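This is what each chain is made of:
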Amino acid sequence: LHDALPISAELRHSCIGELEHDLHTAFAAKRVPSEDFVHVQDESVVATLNEFCSEATFQEPREPLVLFGPTGCGKSSALANWLSQRRHVALRRSRSANSASHDEFIFWHVVGCSRQSTFVGHMLRRLMTELRHHFELSREVSESEEKLSWDFPRFLELAVRKGRVLMVIDGPDELEELLDRKSVV
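Residues numbered from 1 in each chain as written. Predicted model: local features only at pLDDT ≥ 70, side-chain atom pairs only at ≥ 80, totals over all residues. Heavy atoms only, no water.

Asker: Report on unusual backbone geometry, specifying residues and quantitative values.
Answerer: One non-glycine residue with positive phi stands out, namely E136, at about 55 degrees. The residue E136 is located in the loop between α5 (120-134) and α6 (145-160) in this model. Taking the relative accessible area as the measure of exposure, E136 reaches 67% and is therefore exposed. (Helix = DSSP H or I, 4+ residues; strand = E, 2+ residues; numbered from the N terminus. Buried < 20%, exposed > 50% of the residue type's maximum accessible area, 1.4 Å probe, protein only.)

So, in structure tokens, the structure goes:
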């Protein structure tokens, strides 16, 4: 699964960036079928996710898709498996000689896999840093917590000009803000 969520060499050399990326990847890898884990796929969930992210409708503005249910019902596993399958399909498509591939950036963030992952500002900084490196954006990522929420839509605007951006946030209800408890997202 590590290859399913690639990260630039420059960001990998950043100790914290590498650690955060690896923590999220490890969380996902534990939820993909292996000798120690069995995942029973719910085809209706997969169909809903595929339809929401289909090439035909990807450019249409719409509300975020929210997958919800009680703790332990398999939401994280469903997302991890779907993302793994999506990445493998995209890799096969890009290797096909007669297929025009598109650049797709997948951001997988698991709130709670590290202490830093629970803070909105850290999530935004990580997302914007990975967008910057993936799409080779010239815009700098602000160190100012207050400026991150203002810069975030601008980063997205620059990124979507170069490719697709898919953000999957597992556990958004657990995010915390560092600034006066006011919403920055």
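Asker: So, the pattern of salt bridges: which residues are in play, and what are the values?
Answerer: Considering all chains together, one arrives at eight salt bridges under this definition. Taking the shortest distance from any N to any O, the salt bridge between E176 and R115 comes out at 3.7 Å. Placement of the pair is E176 in the segment after β2 (164-170) and R115 in the loop between β1 (104-110) and α5, with a sequence separation of 61 residues. Owing to a relative accessible area of 26%, E176 belongs among the partly exposed residues under this scheme. Judged by relative accessible area, R115 falls into the exposed class, the value being 51%. A salt bridge links R125 to E145; the shortest N-O distance between them is 3.6 Å. Here R125, found in helix α5, pairs with E145, found in helix α6; they are 20 residues apart in sequence, far enough to count as distant. For the pair shown, R125 and E145 are each scored as buried. One connected set of salt bridges, linked through shared partners, spans R86, E104 and R164. (Salt bridge = Lys/Arg side-chain N within 4 Å of Asp/Glu carboxyl O.)

Asker: A description of the layout of surface pockets should follow, citing residues and the corresponding values.
Answerer: When its volume is computed, the largest pocket comes out at roughly 1500 Å³. In terms of lining residues, the largest pocket is bounded by 47 residues, among which P64, L65, M167, V168 and I169 are the most central. Elements with a contribution of two residues or more to the lining of the largest pocket: α3 (43-52), α4 (75-95), α5, α6 and β2. If one sorts the elements of the lining of the largest pocket by residue count, β2 sits on top with seven residues. Split by residue class, the lining of the largest pocket holds 29 nonpolar, nine polar and nine charged. (1 Å grid on protein atoms, 1.4 Å probe; cavity = no way out; pocket = protein on both sides within 12 Å on 5 of 7 lines; lining within 4 Å. Points joined across faces, edges and corners; volume = space filled by probe spheres on them. Nonpolar A, V, L, I, M, F, W, Y, C, P; charged D, E, K, R; others polar.)

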